[in-house]
Amino acid sequence: MTATTDASSAPGSPARVSGTVRYWAAAKSAAGRAEEPYLAATLAEALAAVRAAHADRPELLKVLTMCSFLVDGDPVGARDHAAVRLSEGGAVEVLPPFAGG
């Protein structure tokens, strides 16, 4: 699924790209899967799509509020998720708090 341009994007907004959301530990359990594809321009957009797709999984929605994220291996930290652009073929790692670490 290649998406270097997307007709549903507003003019002047970044193009949506495809990649993979990977869930770890409690997020994986709550999502009921290890990973799924995304089509989004920013981390905020990808997470909004995950929330919409899993509206019937309240435990995942709760876990997401506690998670940290890596985008293509780089920690997002406190950056605004709307400012974190995604890359074609990239990966968003969803990391819930781990016991003891």
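Please refer to the structure placed before this passage.
So, here's what we can say about the structure. It should be emphasised that the depicted structure is a prediction, and the values quoted were computed from it without experimental measurement.

**Thoughts on the sheet that holds strand β5 (residues 90-95)**
In step 1: Read across the sheet, five strands follow the order β2-β1-β5-β3-β4 without closing on themselves; strand pairing throughout is mixed. Either end of the sheet is taken by a strand with one partner, and the two such strands are β2 (35-40) and β4 (74-75).
In step 2: Here five bridges tie strand β1 (residues 17-23) to β5, and the two strands are oriented parallel to one another. By the bridge assignment, R22 is partnered in β5 with E93.
In step 3: Together, β1, β2, β3 (68-71) and β5 form the strand contacts of helix α2 (residues 43-53), whose direction differs from that of β2 by roughly 125°.

**Some thoughts on the nonpolar core**
In step 1: Counting 23 residues, the largest nonpolar core has Y23, Y38, L43, F69, L86, V92 and V94 as the members making the most contacts within it.
In step 2: Broken down by secondary-structure element, the contributors of at least two residues to this core are β1, α1 (25-31), β2, α2, α3 (58-64), β3 and β5.
In step 3: Once residues lying within four places of it in the same chain are set aside, the contact partners of L86 are V17, Y38, A40, A41, T42, L43, A46, V71 and V92.

**A closer look at the pattern of salt bridges**
In step 1: Scanning the model with the defined rule gives four salt bridges in all.
In step 2: The partner of R16 in a salt bridge is E45, with the nearest N and O atoms 2.5 Å apart. With R16 in the segment before β1 and E45 in helix α2, the pair connects residues that are 29 residues apart, well separated along the chain.
In step 3: The salt bridge partner of E35 is R22, with a shortest N-O separation of 3.5 Å. Of this pair, E35 sits in strand β2 while R22 sits in strand β1, and the two are 13 residues apart along the sequence.
In step 4: In the salt-bridge network here, residues are joined through shared partners; they are R22, E35 and E93.

Thresholds, definitions, all that
Residues numbered from 1 in each chain as written. Predicted model: local features only at pLDDT ≥ 70, side-chain atom pairs only at ≥ 80, totals over all residues. Heavy atoms only, no water. Pairing = 2+ DSSP bridges. Helix = DSSP H or I, 4+ residues; strand = E, 2+ residues; numbered from the N terminus. Contact = heavy atoms within 4.5 Å. Axes fitted to C-alpha atoms, helices over the stretch in contact; angles between N-to-C directions. Core = buried A, V, L, I, M, F, W, Y, C linked by side-chain atoms within 4.5 Å. Buried < 20%, exposed > 50% of the residue type's maximum accessible area, 1.4 Å probe, protein only. Salt bridge = Lys/Arg side-chain N within 4 Å of Asp/Glu carboxyl O.

Honestly, that's just the spatial picture; any functional story needs more than this.
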